[in-house]
Structure formats: structure tokens, C-alpha cells
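Close look at the chain arrangement
Here's the letter readout for the chains.
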Amino acid sequence: MRVIVPLQGVVQGSGGLFWGSVIPCALFYFLQLFFKTRQRHRHPPPPTPTEVSSALPRCLSHSSSGRGATASAYVSGRANSLTAHSPHHLGLQKVADNPYHQIHNPHGVIQLGLAQNTLSVDLIQDWIHHNGTAAILGIAANCCGLNITGVAPCHGLMEFEVAVAGFMSQVLEKPVFFNPSQMVLTAGATPAIEILSFCLADNGNAFLVPTPHSPGFDWDVKWRTGVDIIPVPCRSTDNFNLSIAAVDQAFNQAKKRGQKVRGIIITNPTNPAGKLLNRETLLDLLDFAREKNIHIISNETFAGSTYGNEEFVSMVEIMEAEDHGRDRVHIVFDLSNELSVPGFKVGVIYSYNENVVAASNKLARFSTVSAPTQRLLISMLSDTRFIQKFIETNKLRLRKMYNAFVAGLEQLGIECSRSSGGFCCWADMSRLIRSYNEKGELELWERLLNVAKINVTPGSSCHCIEPGWFHFCFSTMTEKDIPVVMERIQKISETTKSHS
């Protein structure tokens, strides 16, 4: 009204009503425009998306400063617990980075820490050269006739299970019957041990395991199942032989701690000590398992690699004469070891428990043996004349290499526990350690690995309670390599003496 009243004279003049209406409206819109213009100067308009991308720095997800501020991606506690490297794994990595070769890399790291056998691989290579293609393609008379596109059951072809049953009887050199329906085939002995651990024990339960044992049990048994290992110490004073008294003591101590023991895992021949479990010991273990209501896993991955004068007795032989408690016995074989072809990765579960076989058949889907591998081995194992020659030749070569390696160590003043099977020499190097404890043992291991360029396994990795014992695998080299190994060990020995 204050704006309109001063205009009263204009309204009463010429134009009257028309100008009285137009002028106030014009003033109103003019004032609106004036205030909008002032506000635009005070607050500039928001930039367009194009202006934002050109004016601002790169977003945090791409900037260098943002990388440091971003939280790391989540990894499970299970995975994080496996990131630490043991001496066993560190040694294997050293060999992979700088492998020894007599001609091409004579100063590389010599592999003596992996229980594999390459002494008779030439026999296998020769057979595959002459028969491999026909076996895999299924055009040989003694092959199953499947082509390479065929899909095999996860637990193995029936033809393969039958062939493996016949092969194991041939390896034991005794009229022992293997029932193929009790057999589950896996991609190596590692998943076979893991599957049995999964089937026989729950998370937090435990297995008794005599020591020294293979370092592999620490991950085969424990990593994914959550099952624990209770060591049963075997001592040098008993020549590292297993006693039932030690087993009983470990069981009772675990019971006092509140641990539920579900079974005992034995290795026959033992690894790394190479001892054979006799018939009496196996029967005592079976009685113990019945009494305590626990299982027995008999790891017989070196059954065909015996070379001593003692008789090898398989748990299968024991079970043929036993009717009571059969459902608590499970056996593991390893065709990769028996045939000097570690890359084939073929393991066998042989169980007398129907539920364990049924569960293992399903779990084998995570570790199947490829159909071409099975087809090749069906043909090879069916060639009984070749297999017999291979078994005999392999045992002779193992015995010869073992004797030569032990003799070389003895010349250096290093004694070995007498072995009757397997691929390893269990050597007492305690006189070369500067302090008689695990620390002194690992210091010697580091000097052997980094100075002498020899990868061996320290006894502590095998849970041996006596410092200074080392695991040497002699079946991964040739006789020509033995003097090289001994020369390198001698340098470490001389260095130790000079510091003492």
C-alpha cells in the first residue's frame, strides 16, 4: 500500500484505471528481479558434472593418498593362520628359485628335503613312450575303451579300482585280497589323509601321531579340518620304534587335558625314520583302538619301497584274520610314490567302514583323479609283467642308493638310524649344532641351506624331541650327486669345528 498510495495522483489523472494497475505490477516484478540478481552474486551456481571432473582432483579410490587410507580387504582367520612359512616350505622355495643341476647349475640348491622317488622314473617314461597314447585314447586291447571326453566318477573308475586292487596285492607280494568297493581314489595321499580326518573327527578333536612324523601331517590333518595332533614321542634310545606304552601315556595325558582323541595315525614304513611296524605291534595297536574306542589310520604310502631284510606287514593282512573292530580301520596308499610318478597325484583310501567309504566318495569330488590319468594307469597296472619288473628294480635301486648315501655320511662321522623302507635317511647331526636345542638345530639348517646349498628337513619340523636329527631324502638324486653333497656337508662340519 505504501508503494501504491503515492501513485494516487497519477491514477486520478489521464489513463486513470489503466496506469493505476500497470505501474504497481511493473514495480513488483522489478523488485523481484533486483533481489534475485543480488542473491546470484552471493551464491554462485553449482558447477556442472563436466566442470566438477575438470576442476577437482582424482577421487580417493584412484588417488595415491587414498590407497594408504583405505582399509585392507578382509581375509579369513583360517587363511591368515597359514601365511607363516615353516623351514620345510622355505627350503622348498629356495630349491624352486635356484635348483641344482649337475651341468647347467652346479652351484644351485640340492633337493634332499622332499620325500619323492625319481630313481626309477626312466622305466615309467619308457613304458609311457611305447604305450601312453594308446592307453589314454582307449584303443589298446587291455584298456577300458573310453575316449578322452569321458567323465569319470569323482571317486574313480571301477576299472581303475580293480586295477589298483590287483597292483596292491602285487606290491605286498602276498595273496592279500583288496575289495574295490571299499576303495576311494583321490588326487594324492594328502587329500586321502585329510578326507579321513574330516570323516573320523570333529573340529577340536585330536589324533595321536607317533613322532618323528612327516611335516606334511601338520597341514594334511589340521589345516582345513580343525583337528589337532597329539605327538607320541619315539626316542633314539629305542631306535625310534613305536611302543604301546608311549601311545597309552599320550592318550591318558590328552584325556586329562580334556582333549577328545578320535584315532591314531601310524605310518608304515615310518617316515622319516624308515622303521617297519611288525605284526605284534600292529595287533597291539588294534587291541588298543578297540579298548579306547578310537580309529586307526594306517598310512602305507611307502609299502612298495622297502629294501631291508625285515618283513613288511600291511594292516590289510591283520584285518583278514580279524572280525571284531574292522569298522575302525582305514588304510592309505599312494600310487604316485609306488610308481615314481609324484606328478600323477594318485592316492587311495581303503576303509572297512561303509559310512566312511560313502562319505569319502562324496568328498572325493574336491580331489578327483583326471580320467586320462586313470586310463593311462589302468593300462600300466594291467601290464603285470612290467609292474613286477618295476617293483624288483625299484627296490634294488633304493637299497643301493641308501647304502651309498649312508656310507658317505659315515665317512663324515655322521651316524644314521637304520632304515628298512621309504626314501629317507634319518641322520644324527647333533655334534654339528652349536647349542643342543631347537635354536641350535635351526641355525645348522640355515647354514646347510644358505651356505652349503642343501635343502634338508630339520627334526623339529618332524616334531622330534631330540635336537640335531635331520631328514635327508636320497631318492631325488643320482649316485654322481652323492660326492657333491658330502663335500658341501664337510665344509659346514669344518666350519663348525673351527668355531668350537
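Summarised in this report is the structure supplied together with it. (Residues numbered from 1 in each chain as written. Predicted model: local features only at pLDDT ≥ 70, side-chain atom pairs only at ≥ 80, totals over all residues. Heavy atoms only, no water.)

Let us look at the overall build of the protein. Summing up its helical and strand segments, the protein has 19 helices and 13 strands in all. Going through the 500 residues of the protein one by one, you find that 49% of them count as buried. Contacts spanning at least 24 positions in sequence make up 73% of the contacts within the protein whose residues lie at least 6 apart. Summed over its atoms, the accessible surface of the protein is roughly 25,500 Å², and 55% of this surface lies on carbon and sulfur atoms. (Helix = DSSP H or I, 4+ residues; strand = E, 2+ residues; numbered from the N terminus. Buried < 20%, exposed > 50% of the residue type's maximum accessible area, 1.4 Å probe, protein only. Contact = heavy atoms within 4.5 Å. Areas by Shrake-Rupley, 256 points an atom, 1.4 Å probe, with all protein chains shown as cover.)

Ordered by their spatial adjacency, seven strands build an open sheet running β2-β8-β7-β6-β5-β3-β4, and the pairing between neighbours is mixed. One side of each edge strand has no neighbouring strand; the edge strands of this open sheet are β2 (183–186) and β4 (228–233). Put simply, the sheet's adjacent strands are angled 25° from each other on average, direction ignored. In this fold helix α9 (residues 189–200) packs onto β2, β3 (206–211), β5 (261–267), β6 (295–299), β7 (329–334) and β8 (347–351), with an angle of close to 165° to the strand it touches most, β7. Docked against the sheet, helix α15 (residues 354–363) engages β2, β7 and β8, running at close to 25° with respect to β2. (Pairing = 2+ DSSP bridges. Axes fitted to C-alpha atoms, helices over the stretch in contact; angles between N-to-C directions.)

Sheet architecture is open: four strands sit in the order β9-β10-β13-β12, paired in antiparallel fashion. Of all the strands in the sheet, the pair left with one neighbour each is β9 (415–417) and β12 (457–458). Here three bridges tie β9 to strand β10 (residues 424–428), and the two strands are oriented antiparallel to one another. When the bridges of β10 are listed, C416 appears paired with A427. Against the sheet, helix α17 (residues 384–411) contacts β9, β10 and β13 (469–473), and its axis sits at roughly 15° relative to β10.

Moving on, we come to the pairing of β10. Of all five residues making up β10, four are buried, and the element is well covered by its neighbours. The turn joining β9 and β10, which pair antiparallel and follow one another in sequence, is formed by six residues; a positive phi near 95° is taken by G422. Here β10 runs beside β13; their pairing, made up of five bridges, is antiparallel. Pairing of W426 across the sheet is with H471, part of β13.

Structural measurements only, silent on function.
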